Structure formats: structure tokens, C-alpha cells
Amino acid sequence: MSAHAGTIDHHHDHTTTTGIPNKKLFMWAFLASDCMFFAALISTHVIYRLHPTPDGPDPKKIFSIELTSFSTFILLMSSLLMALAVSASQKGKVEATRKMILGTIAFGLIFLGCQVYEFSHFVHLGLTLSSSMFGSTFYTLTGTHGVHVAIGVVWLVLTYIRTFKPANEAKAWIIRSIVQFVAFAVAVVSIMVMMLAVTHAGAEHGYSLSSVLHALQTNFITSVSTAAFAVSTALLFVLGRSTGEVDFGEVNAIDVEGMGLYWHFVDIVWIIIFTVVYLLEYL
Amino acid sequence: MSSAVPLTHTASSSDQAHADEGKFHLFVQIAMLLGVITGVEIIIVYLPLAKWLVVTALSVLSLVKFLYVIFYFMHLKFDKLFCTILFFIGLVLAGGTATALLAIFSSKDSIPETAKVIYAERATASVTK
């Protein structure tokens, strides 16, 4: 932990002419430019939203307002955890920062899982990227937002790993951090495969414990994924234990705050998409 | 005199603890409020109200959510004014671009002839049901 807890002014930097830390200024400038990027995508979708798929499904009938509302709620709660992570890092509380970042990662992954399920469901019903202008603009807009979320999750994972950097032995930490990152990647991919198998089994045989267990045991890829998930989670648990003094504290709060700004921006973009793309279709 | 230092220190630690707790509660309350607004948005869509009223209500509620996130979760309220100005430059340009695009290319004007047939068929099907 930082030895200077509570002594840094996180809203004012005397070393810059603007009084704003350069990293924060850069992030706000980037987010301002990203606003224009998303505005163009959203406008394009609104213009072409009345171009339906010939012989394809009616968007109003295939959109699931329950799933989208759940995704919105999940993203809002991830924003809360992110705000708490920033607050904890500004006080030099490393353990609390780690827990909040882990929670944000989990919620971000749930959101991505919902989006993957939604996309696969729509494609199955005939709405593809090339089936109509509606499909093209819909997937481009929501897919670009999904990519932003995915980048945010990777950034969160890297920051989480960064919190373990020891005050000494930096070389050994690099190897350890690579192992930790690979374990994260394996855990995420394997749980996605498992969830997909469970969803398919549930759709075919009904959502019961026996059908879920059957799906996880009979398919070879799913069985391997289950084993990989168990091993990677155990590895993450072992690597995630606190080991002595770390080179992470209040001075690193600006890095967490920059990441937080990006994550909240992803959330506000979804607030707009949820209203303009999903809710307006029901009118 | 020697006892004054620990007392002051204790008082400032207590103030800090109260401030931390206050911020935690503020964030949680805002998150709950945002959740409730999302629920209200969904209910509004299903209410038998005029389309312009629903669109206006949804726009206002989304704007409220948007402003809460940027001013509290993104700390614009506590940061220097320049951050707000910088972000709003991008936001105004984005809003202007979107408004101009929607004014030039209205969604109803750009419906292709084939789509008009599809909409007519869907309308007929819904009437017969």
C-alpha cells in the first residue's frame, strides 16, 4: 500500500498548466472523440432502421426486452463497482480495489455473454450482417459497443494483475503476470463454451439440472472446457493471494481512474443504445 | 499540547471516514436510482400514451441517466471545469452531427419500395389476426 494515503489531491495536479493530470486530460479528449464516432453509428442505424429483411423476422418480435433490460442493469451495476474501485484506489486500499475490479470484470463478462447469446439467436432467426440494412447497422453499432466492452474487460484484467506487482523482484513478477493473464483468458473462454453448451442443452431438452450436467459431461469439448475452467480458476485463486508489499497504491489511482472513465463511457453509450435501438422499436 | 496532536488526528480521520462512507452511500443510491429509471423506461414503452410523449419521456429519462453517470461516476462534478468543457465539445459536435444526419436523411423518407410492400403485408397480417 502507499505510504502517502490521503495526501494526494486527485482532482488537481500542480505540475501541469491546466491543473489536470495529463492522463486524465488525454482520456477526456479521447472520450470526446469517441462520442462523435458513436453518434455517427447511432444516426446511421436510426436512418436505416426501417429497412427490414425480406422474408425475415420483424425486429419488434425478435428483440427480447427482458434480456436487454438485464444487460442494461448489469452494466449499470458494473459502473457502480468501477466507481467504488476508483474510490478505493484513491484511498490506497489495494485489497478493496482488487475486489471491485474483479466484480466489474465479472459483470462485463456477463454483459458480453448476453450479447453473444442475443447475436447467435438473431442469426438463427435470419437477421444477419448482410441480410438487410437494418441488420448491417444493428450489428455494426452493437458489435462496436461490444468490442469496447471487451477491450475494457482486458484493460481491467491487466490492471488487476498490475496490483500484484511486488515492491521488489520485478523480473519474477513478469512471468507470474503472464501466467495470470493466460489463466484469465482460459477461464473466460472455457466458461463461455460451457455457458453456450448449457444454453443449447436447455433449449433442446429443457432447463433442468440433469440436462445441464448431461451437456457438460457428454460433449468432449465441453468436458475439456469444464476441466480447463476448474484448473484456471484454481490457478487464479492461488496467484490472487496477497504476497507481501506491492508496488501499487494511491499514486496509481490515476491509472485506475482513467480506466474507470473508459468503462463509464461504455455504460453511457449503452444507455443511449438501449433507448434508441431497443426501446424505440416497441413504439 | 502533546495531547492536541492525536486529538486533531483522530478528528480528521473520523471526518475522512464519514466522507468515505458518504461517497459510498451516494454511489449506491445513484446506481439504484439508475436501475429504477431503467425500469420506468420499460414500463413507459408499454403504456397507451401518444408516441411523441413516450419518445420525449424516454429521451428525458436517458438524459438524466447520462448526466448522473458523467457528473458523479465519472467525477465531472468534482473535477476541474475544463474536463467538462472538453467532453461537452465532443458531445455537442456529436449531437450536431446526429441531428444534421437525421434532418437530411429521415428514416421514413429512405424506406425502399420493397420495404414498403413488406410493411403493408405485416400491417394486413396484424389486422387479420
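Going by the structure above, here's the rest.
Residues numbered from 1 in each chain as written. Chains lettered and ligands numbered in written order. Predicted model: local features only at pLDDT ≥ 70, side-chain atom pairs only at ≥ 80, totals over all residues. Heavy atoms only, no water.

Enquirer: How would you sum up the packing of helix α1 (residues 22–48) of chain A against helix α9 (residues 253–278) of chain A? Please name residues and give values.
Expert: All names here are of chain A. Relative to each other, α1 and α9 sit at 15°, their axes nearing to 11 Å. Comparing the axis directions of α1 and α9 gives the class roughly parallel. Considering how the two elements wind past one another, α1 and α9 form a crossing that is right-handed. In this structure, α1 contributes K23, K24, M27, W28, F30, L31, D34, C35, F38, I42, H45 and V46 to the contact, and α9 contributes I254, D255, E257, G258, L261, Y262, F265, V269, I272, I273, V276 and V277. Grouping the constituent residues of the contact of α1 with α9 by class yields 17 nonpolar, 2 polar and 5 charged. (Axes fitted to C-alpha atoms, helices over the stretch in contact; angles between N-to-C directions. Helix = DSSP H or I, 4+ residues; strand = E, 2+ residues; numbered from the N terminus. Parallel < 35°, antiparallel > 145°, perpendicular 65-115°, else oblique. Left-handed = near helix turned anticlockwise from the far one by under 90°. Contact = heavy atoms within 4.5 Å. Nonpolar A, V, L, I, M, F, W, Y, C, P; charged D, E, K, R; others polar.)

Enquirer: Any details on the interface of chain B and chain A? Residues and values, ideally.
Expert: A common way to express how large an interface is: the accessible area buried when the components associate. Every contact between the two is made by 52 residues of chain B and, on the other side, 57 residues of chain A. Around 4,700 Å² of area is buried between chain B and chain A when both sides are counted, 77% of it from carbon and sulfur atoms. Three residues, M74(B), K80(B) and R122(B), lead the burial of chain B against chain A; their summed loss comes to 13% of the area buried on that side. For the salt bridge of K24(A) with D79(B), the shortest nitrogen-to-oxygen distance reads 2.8 Å. Where chain B meets chain A, there are 3 residue pairs in polar contact (both at pLDDT 80 or more). Of all the secondary structure elements, the ones that give two or more residues to the side of chain B that touches chain A are α1 (4–46), α2 (51–73), α3 (81–104) and α4 (113–128) of chain B. Examining the composition of the side of chain B that touches chain A, we find that 14 residues originate from one element, α1(B), more than from any other. (Buried area = accessible area lost by both parts, 1.4 Å probe. Salt bridge = Lys/Arg side-chain N within 4 Å of Asp/Glu carboxyl O. Polar contact = N/O pair within 3.5 Å; in protein donor to acceptor, adjacent residues only side chain to side chain.)

Enquirer: Could you give me a rundown of the pattern of salt bridges, with the residues and numbers involved?
Expert: One pass over the structure, following the stated rule, counts 7 salt bridges over all chains. E257(A) is the partner of K24(A) in a salt bridge, and the nearest nitrogen-oxygen pair spans 3.2 Å. Here E257(A) lies in helix α9 and K24(A) lies in helix α1, a separation of 233 residues in the sequence. Accessibility expressed as a relative area gives 3% for E257(A), which makes it buried. Salt-bridge contacts for E95(A) lead to R98(A); the nearest nitrogen and oxygen are separated by 2.9 Å. Taken together, the residues span about one helical turn, with E95(A) and R98(A) both in helix α4 (residues 94–125) at a distance of 3 residues. Given the relative accessible area of 5%, R98(A) is considered buried. Ionic contacts of the salt-bridge type, sharing partners, join the residues K24(A), E257(A) and D79(B) into one network. (Buried < 20%, exposed > 50% of the residue type's maximum accessible area, 1.4 Å probe, protein only.)

Read these as spatial facts, not as claims about activity.
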